[in-house]
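The lines below spell out each chain.
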Amino acid sequence: MFNKKKNSFPFSLISPDTEITGNIQCDGELQIDGKVTGDLNVAQLIIGESGLVEGNIIAKQVQVRGQVQGGINADSVTLEPSARVTGDIEHDTLSIQAGAHIQGQLNHRAEPSNVTPLDKASEG
């Protein structure tokens, strides 16, 4: 959970009893266990089971265990079984574990020519 690499950005935590209204910019790792109402632009984001984000998220990596009410635009998105997302997800890679709920569209950012349809992949 805590990043111990030298020359790395610090870890920030918004605890379960904290509510923040406003946009957040973070070049490091941010874990939200409380409530954030506003847009987030972060490098790495973890939304804990008690976490709630009401706003749009732009990040390199997002791991959702709690709730998101807004869009997610990230290189890598992981939705844990307790995740609840209401909004569109734009991603390069996406992992959805059984039990996660999504209400919105999933949009892969890769060029269509780089994606192999499932019916052709099974013929291979």
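Along each chain, numbering runs from 1 in the same order as the chain's sequence is written. Per-residue local features of the predicted model are confined to residues with pLDDT of at least 70, and side-chain atom pairs are confined, for both listing and counting, to 80 or more; whole-chain, interface and lining totals are unaffected and use all residues. Excluding hydrogens and water, the side-chain figures rest on all heavy atoms present in the structure.

K.L.:
Explain the nonpolar core here, please?
P.N.:
One recurring pattern in soluble globular proteins is that nonpolar side chains are buried together. Counting residues in hydrophobic clusters, the biggest one holds 24 residues, and the most contacted among them are Leu30, Leu40, Leu45, Ile57, Val64 and Ile72. Segments assigned H or I by DSSP are reported as helices when at least four residues long, segments assigned E as strands when at least two residues long, and all are numbered from the N terminus. Only strand S3 (24-32), strand S5 (40-47), strand S7 (57-64) and strand S9 (72-79) provide two or more residues apiece to this core. What makes two residues a contact is simply this: any of their non-hydrogen atoms within 4.5 Å. Apart from the residues within four sequence positions on either side, isoleucine 72 is in contact with Ile57, Val62, Val64, Val77, Val85, Asp88, Ile89 and Glu90. By nonpolar core we mean a set of buried residues, namely Ala, Val, Leu, Ile, Met, Phe, Trp, Tyr and Cys, connected to one another through side-chain atoms within 4.5 Å. The classification of residues rests on relative accessible area computed with a 1.4 Å probe and restricted to protein chains. Under 20% of the type maximum is buried, over 50% is exposed, and intermediate values are partly exposed.

K.L.:
How should the sheet that holds strand S6 (residues 52-54) be read in this particular structure?
P.N.:
Backbone hydrogen bonds hold the strands of a sheet together, and the pairing may be parallel or antiparallel. Here, a strand pair is defined by DSSP locating no fewer than two bridges between the strands. Taken in spatial order, the 6 strands line up as S2-S4-S6-S8-S10-S12 in an open sheet, and their pairing is parallel. Each edge of the open sheet carries a strand with a single partner, namely strand S2 (19-21) and strand S12 (101-103). Neighbouring strand axes in the sheet, compared pairwise and without regard to direction, differ in orientation by 5 degrees on average. Of the pairings in the sheet, the one linking strand S10 (residues 84-86) to S12 comprises 3 bridges and is parallel in character. Residue arginine 84 lies in a different strand from S12, and its bridge partner there is histidine 101. All axes are obtained by fitting lines to C-alpha atoms, using only the stretch in contact for helices, and the reported angles, taken between N-to-C directions, cover 0 to 180 degrees.

K.L.:
Just checking my understanding: could you explain the sheet that holds strand S11 (residues 89-96) for this structure?
P.N.:
Strands sit in the order S1-S3-S5-S7-S9-S11-S13 across an open sheet of 7 strands; the sheet is parallel. Strand pairing shows two members of the sheet lacking a second neighbour, strand S1 (11-14) and strand S13 (106-108), which therefore form its edges. On average, each strand axis in the sheet is inclined to that of its neighbour by 25 degrees, with strand direction left out of account.

K.L.:
Sorry if this is basic, but what is going on with the side chain of aspartate 33 here?
P.N.:
Mapping aspartate 33 onto the fold places it in the loop between S3 and strand S4 (35-37). Separated by 3.1 Å, the side chains of aspartate 33 and glutamine 31 make a polar contact. Not counting residues within four places of it along the chain, the set of residues in contact with aspartate 33 comprises Leu13, Ile14, Ser15, Pro16, Gly48, Ser50 and Gly51. Polar contact criterion, stated in full: a pair of N or O atoms within 3.5 Å, where within protein one must be able to donate a hydrogen and the other to accept it, and residues adjacent in sequence count only if both atoms are side-chain atoms.

K.L.:
Looking at this model, I keep getting lost on the environment of valine 85. Mind explaining?
P.N.:
Structurally, the position occupied by valine 85 is in strand S10. Taking relative accessible area as the criterion, valine 85 reaches 2% and is therefore assigned buried. For the pair valine 85 and glutamine 67, spaced 18 residues apart in sequence, the C-alpha separation works out to 5.8 Å. Ignoring any residue separated from it by four or fewer positions in sequence, one finds valine 85 in contact with Val64, Val68, Gly70, Ile72, Leu79, His101, Ile102 and Gln103.

K.L.:
Help me out: how do you make sense of the environment of isoleucine 57 in this one?
P.N.:
Mapped onto the elements, isoleucine 57 comes out in strand S7. Classification of isoleucine 57 as buried rests on a relative accessible area of 1%. Sequence spacing of isoleucine 57 and alanine 74 is 17 residues, and the spatial spacing of their C-alpha atoms is 7.8 Å. With residues up to four places along the chain from it excluded, the contact list for isoleucine 57 reads Leu40, Leu45, Ile47, Val62, Val68, Gly71, Ile72 and Asn73.

K.L.:
Help me understand the pattern of salt bridges, please; the structure alone is not making it clear to me.
P.N.:
Side-chain pairs of opposite charge can arise where the charged atoms are in close proximity. Salt bridge, as applied in this entry: a Lys or Arg side-chain nitrogen positioned within 4 Å of an Asp or Glu carboxyl oxygen. For the structure shown, the criterion picks out 3 salt bridges. The shortest N-O distance in the salt bridge between arginine 109 and aspartate 92 comes to 3.2 Å. Of this pair, arginine 109 sits in the loop between S13 and helix H1 (118-123) while aspartate 92 sits in strand S11, placing them 17 residues apart in sequence. With relative accessibility at 29%, the residue arginine 109 sits in the partly exposed group. Residue aspartate 92 is classed as partly exposed on the basis of its relative accessible area of 33%.

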